[in-house]
Amino acid sequence: MSRIATCKRATKETDISVTIDLDGTGKGDIHTGIGFFDHMLYGFARHGLFDLKVDVKGDLEVDCHHTVEDTGIVLGEAVRKAVGEKTGIRRYGHMILPMDETLALCAVDLSGRPYLKFQAEFANDKIGDMDTEMIREFFYAVSYSAMMNIHLKILDGENSHHMAEALFKAFGKSLDMATMEEPRLSEAWTTKGSL
C-alpha cells in the first residue's frame, strides 16, 4: 500500500506544496527560499529515509516566520495523510542523536493528540537566514497538523547549527521508527480501538 501524500496550502503570505513518501530512500527536493531551512528539511528526509519534495513561495521580504511555520503545517498534514489510519504501525519512535558536542533527544507518538514539549536554548538568534526561535514554531506546527505528540530536548550542546541539525535528524529517525510496520499487528496499536 502506497504511503505517499501531497498537501498544498495557499494564503496571502505563502504558497506551499509538500509531497512525502514514508517508504522512500531519503531523497530531498526542497526549495523554501531559506537555505538553512532547506538544509534542515533535507537532514530530516535523509535520516528518516523519507522522499520529500517541498516547494515554497513565502513573504521572505517580511521575515522567515510565515514560511517556516506554514511549511510545518503542510508537512504535518502530509504526514497525517500518508500514515492514514495507522493500522499495523509501531506508533512510537525515539532517538538520542549525537552530533559533535551536541546530544539531542526526540520521542514521538502518533497518538492523534497534538502536543509539543521543546527544550532547546540557542546561543545565536539566527542561523543563516533563519531565526532560531522558528525551530520551535516549526515543530509546534508539525505536531498540531499531524496530530502527533513530539518531545524534543537538547541534552548537551553549544553550537547552534549542530543543535538545530541534531533536532531535525533525530525527528526524522524517530518518525521513521514510529511509521514502520509492525508485522504482529493488523490494527492500530491502541487499547481504544482507533487512533
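Residues numbered from 1 in each chain as written. Predicted model: local features only at pLDDT ≥ 70, side-chain atom pairs only at ≥ 80, totals over all residues. Heavy atoms only, no water.

Visitor: Would you take a moment to explain the overall build of the protein for this structure?
Guide: If you tally the helices and strands in the protein, you get four helices and 10 strands. When the elements of the protein are put in sequence order from the N terminus, they spell out β-β-β-α-β-α-β-β-β-β-β-α-β-α. Here the C-alpha coordinates of the protein stretch approximately 50 × 40 × 30 Å along the principal axes. A buried classification covers 51% of the 195 residues belonging to the protein. Partitioning the intrachain contacts of the protein with sequence separation of at least 6 by distance along the chain shows that 76% fall at a separation of at least 24. As displayed, the protein offers around 9400 Å² of accessible surface, 49% of which is attributable to carbon and sulfur atoms. Treating the 22 positive side-chain charges of the protein as one cloud and the 31 negative ones as another, the clouds have centres 8 Å apart. (Helix = DSSP H or I, 4+ residues; strand = E, 2+ residues; numbered from the N terminus. Buried < 20%, exposed > 50% of the residue type's maximum accessible area, 1.4 Å probe, protein only. Contact = heavy atoms within 4.5 Å. Areas by Shrake-Rupley, 256 points an atom, 1.4 Å probe, with all protein chains shown as cover. Lys, Arg positive; Asp, Glu negative; His and termini not counted. Charge placed at Lys NZ, Arg CZ, Asp CG, Glu CD.)

Visitor: Just to check I follow, could you spell out unusual backbone geometry for this structure?
Guide: Where the residue is not glycine, phi is negative for most of them; where a peptide bond is considered, it is trans in most cases. Not every positive phi belongs to a glycine, and R91 is a case in point at roughly 75°. Within the fold, R91 resides in the loop between α2 (65-83) and β5 (92-99). Its identity is not glycine, yet D100 carries a phi of approximately 55°, on the positive side. With respect to the helices and strands, D100 occurs in the loop between β5 and β6 (102-109).

Visitor: So what exactly am I meant to see when it comes to the packing of helix α1 (residues 35-48) against helix α4 (residues 160-179) here?
Guide: The description of two helices packed together rests on the angle between their axes and the distance between the axes. Running from amino to carboxyl end, α1 crosses α4 at an angle of 35°, the nearest separation of the two axes being 7 Å. α1 and α4 meet at a crossing whose hand is right-handed. Contact residues: F36, F37, H39, M40, L41, G43, F44, H47 and G48 in α1; H161, A164, E165, F168, K169, F171, G172, K173, L175 and D176 in α4. (Axes fitted to C-alpha atoms, helices over the stretch in contact; angles between N-to-C directions. Left-handed = near helix turned anticlockwise from the far one by under 90°.)

Visitor: Even after reading the chapter, I still don't get the packing of aromatic side chains, so can you show me in this structure?
Guide: In this description, an aromatic ring pair is defined by two values, namely the gap between the centres and the angle between the planes. Across all of its chains, the model carries eight aromatic pairs by this definition. On the basis of an interplanar angle of 40° and a centroid distance of 5.3 Å, the ring pair of F44 and F50 is categorised as tilted. F44 sits in the buried class, given a relative accessible area of 1%. For F50, a relative accessible area of 0% gives the class buried. Among the aromatic residues, those joined into a cluster by ring pairs are F37, F44, F50, F138, F139, F168 and F171. (Phe/Tyr/Trp six-rings, centres within 6.5 Å; stacked < 30°, edge-to-face > 60°.)

Visitor: Can you walk me through the layout of surface pockets in this structure?
Guide: Picture a little ball the size of a water molecule; that probe, rolled over the atoms, points out where space is still empty. Roughly 200 Å³ of internal volume is contained in the largest pocket. Lining the largest pocket are M1, R3, V83, G84, E85, K86, T87, G88, I89, E181, E182 and P183. Grouping the constituent residues of the lining of the largest pocket by class yields four nonpolar, three polar and five charged. (1 Å grid on protein atoms, 1.4 Å probe; cavity = no way out; pocket = protein on both sides within 12 Å on 5 of 7 lines; lining within 4 Å. Points joined across faces, edges and corners; volume = space filled by probe spheres on them. Nonpolar A, V, L, I, M, F, W, Y, C, P; charged D, E, K, R; others polar.)

Visitor: Would you mind going over the pairing of strand β1 (residues 4-10) with me for this structure?
Guide: Looking along a regular strand, one sees the side chains alternate between the two faces of the sheet. Relative to strand β2 (residues 14-21), β1 runs antiparallel, the two sharing seven bridges. Its bridge partner lying in β2, T6 is registered against T19. Connecting β1 to the next strand, β2, in antiparallel fashion are three residues. (Pairing = 2+ DSSP bridges.)

Visitor: What's the story with empty space enclosed by the protein in this structure? I'm lost.
Guide: In the structure shown here, the tally under the stated rule is one cavity of 30 Å³ or more. The volume enclosed by the largest cavity comes to roughly 30 Å³. The leading source of residues in the lining of the largest cavity is α2, at three residues.

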